[in-house]
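Here's the letter readout for the chains.
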Amino acid sequence: KLSWADRDACTGIENIDEAITLLEQNNWDLVAAINGVIPQENGILQSDYGGETISGPAFDPASHPAPAPAPSSSSAFRPVMPSRQIVERQPRMLDFRVEYRDRNVDVVLEDSCTVGEIKQILENELQIPVSKMLLKGWKTGDVEDSTVLKSLHLPKNNSLYVLTPDLPPPSSSSHAGALQESLNQNFMLIITHREVQREYNLNFSGSSTIQEVKRNVYDLTSIPVRHQLWEGWPTSATDDSMCLAESGLSYPCHRLTVGRRSSPAQTREQSEEQSTDVHMVSDSDGDDFEDASEFGVDDGEVFGMASSALRKSPMMPENAENEGDALLQFTAEFSSRYGDCHPVFFIGSLEAAFQEAFYVKARDRKLLAIYLHHDESVLTNVFCSQMLCAESIVSYLSQNFITWAWDLTKDANRARFLTMCNRHFGSVVAQTIRTQKTDQFPLFLIIMGKRSSNEVLNVIQGNTTVDELMMRLMAAMEIFTAQQQEDIKDEDEREARENVKREQDEAYRLSLEADRAKREAHEREMAEQFRLEQIRKEQEEEREAIRLSLEQALPPEPKEENAEPVSKLRIRTPSGEFLERRFLASNKLQIVFDFVASKGFPWDEFKLLSTFPRRDVTQLDPNKSLLEVKLFPQETLFLEAKE
């Protein structure tokens, strides 16, 4: 048998990924894969195909018989030859992740390509001339652009980085914009627990700190932060308070390894145990598990994969973005497993469940029951089918509780709930749940809301009976009822005080509105008076202007001794005063009207009357002379306001 140690000696390949790729290309024919990569000077392996000589290490022909020679006929079929030339006709695909400043570029090429072709692809992606670009990260040191990738014996996945010493660094504004964009991105951290060879896929926002990552890993691995030994952090990640966006992690995925710090003696002992395990697995007779530990797979994991394939679909998706969607799947899966008679699970986030249970009127408040499911526990099926789905339990929970559920089977979901638990209930409750063994699940947490915090009344483990579960639910309900009565009393007193205050405020508001209405009415009245006063003044000013114009237009008063006949008129006003003036007998009656108007008695508002005979002078023709209307040589008239 050709062992993996012999493989390493023959080929010089230590990378497992590269070895697996070669095996896949040769249909898992180990001899063909080794013949494809061995150096020519290591030896010669004879083949029966037409006497062809193939370079390679010497093998036992008995253990690896050669295929039958090809027939002489011109058949289209020819057996696969385990030669280097055949392998070269099936080029490998190599994956490169190239990092440049705040960007990552993925490049996939055949191993027959050159380093220069990678640079040409990067030139198009990064907009950097090839002449200004230094491609670093090769395990063999600096390489030429003409170097063929196959000659470097690279693994399938490779990480490189680009340096541009001749180009100026980006401006601070663009760097700040890139940093802000990174803070809003989500990083997938693939964390390998070294001691148990287990991977955890955890999502973190760019604003999360390295310290938060380590605390979450503590929740999953129970390795305290001070005892964690990490590999894979970028050199720029020097402070645990640094956020992931500025730590230099690869986006969107970055691999890390964590283990527990140990003394040198313990380290040597663990190394000896691992080497012993490898030897035992390699010497086993089972071909299926011959190289299991070489690939980091033990028997438990192999059988675990087989059992997981037979298991039902998970209760809750891993790394669900929306808690409501996760609870919808949980409810649907729970119904398919245990029937429709089950508690009504609240669909929404834990914060929304708090709002529904605690932040309502005291009479409407309920207890919050948090059901923590775990598929790996032997008690889960019995607890769900016999107790949680019992009609008495379902009815009691529906009437008195808001029931919220979460699945802790997946490590990511477990870490997520422990973070929520630490935030809402404190580190003591989170530590209690963290230390629970798998077979102690499922758990039932009974939560009561208080004024300033949420109190965990009871933690019920899965190893219970229907009667005991009901008794503990009722005991929690008694405590809650006593507290609820006090809250109702306080709330009623507070509402009574608020009602009195509300009535007082309403009366005060009505009084203010009445005062405002009076004030507005008074202001309107004053405004109206002011308007009327303005109109009156304008009218008076207009009348005064007319009076002055008429007064100025009057002919001069004739003297008593005048060559022309003179008429003397005496006019009595409504107030009893008399107006006297002399006019020429030839003056028109209109001049008398103008004289009266100039004294403030316009003829359109007053009428001028004579006594004997009584007549309305204003009705006479104003163009006639005083002599013609018989107001000569003298006459007494009086003014009377028109109706």
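Residues numbered from 1 in each chain as written. Predicted model: local features only at pLDDT ≥ 70, side-chain atom pairs only at ≥ 80, totals over all residues. Heavy atoms only, no water.

**Points about the pattern of salt bridges**
Right, on to step 1. Throughout the structure, instances matching the rule amount to 29 salt bridges.
Right, on to step 2. In this structure, Arg-194 engages Glu-231 in a salt bridge whose closest nitrogen and oxygen atoms are separated by 3.5 Å. Separated by 37 residues along the polypeptide, Arg-194 in the loop between β7 (186-193) and β8 (198-205) and Glu-231 in strand β9 (residues 228-231) bring together distant segments of the chain.
Right, on to step 3. On the basis of relative accessibility, which here comes to 24%, the residue Arg-194 falls in the partly exposed class.
Right, on to step 4. With a closest N to O distance of 2.2 Å, Arg-509 and Glu-506 form a salt bridge. Of this pair, Arg-509 and Glu-506 are both found in helix α16 (residues 466-553), 3 residues apart, which corresponds to roughly one turn of the helix.
Right, on to step 5. Take Glu-506: its relative accessible area is 36%, and that puts it in the partly exposed class. (Salt bridge = Lys/Arg side-chain N within 4 Å of Asp/Glu carboxyl O. Helix = DSSP H or I, 4+ residues; strand = E, 2+ residues; numbered from the N terminus. Buried < 20%, exposed > 50% of the residue type's maximum accessible area, 1.4 Å probe, protein only.)

**Let's talk about the confidence of the model for the chain**
Right, on to step 1. Summing up the model confidence of the chain, the mean pLDDT is 79 and the portion of residues at 70 or higher is 79%.
Right, on to step 2. Contacts for the low-pLDDT stretch residues 273-311, under 50 throughout, to residues beyond four places or in other chains number 28 contacts. (pLDDT = per-residue confidence, 0-100. Contact = heavy atoms within 4.5 Å.)

**Quick word on the pairing of strand β11 (residues 367-373)**
Right, on to step 1. Buried residues dominate β11, accounting for 7 of its 7 residues.
Right, on to step 2. Alternating positions in β11 separate into two faces, Leu-367, Ala-369, Tyr-371 and His-373 on one and Leu-368, Ile-370 and Leu-372 on the other, with burial throughout.
Right, on to step 3. Strand direction decides the pairing type here: β11 and strand β12 (residues 401-407), joined by 7 bridges, are parallel. Following the sheet pairing, Leu-372 is matched in β12 by Trp-406.
Right, on to step 4. For β11 and strand β13 (residues 443-449), the ladder comprises 5 bridges, and the chain directions are antiparallel. Across the sheet, the residue bridging to Leu-372 is Leu-443, located in β13. (Pairing = 2+ DSSP bridges.)

**Digging into the sheet that holds strand β14 (residues 454-461)**
Right, on to step 1. With mixed pairing, the 4 strands of this open sheet are ordered in space as β12-β11-β13-β14. Only two strands of the sheet have a single partner each, and these edge strands are β12 and β14. Strand-to-strand twist of the sheet, defined as the mean angle between neighbouring strand axes without regard to direction, takes the value 20°.
Right, on to step 2. Together, β11 and β12 form the strand contacts of helix α10 (residues 323-338), whose direction differs from that of β12 by roughly 90°.
Right, on to step 3. Across the sheet, α16 lies against β11, β12, β13 and β14, angled at about 170° from β14, the strand it touches most. (Axes fitted to C-alpha atoms, helices over the stretch in contact; angles between N-to-C directions.)

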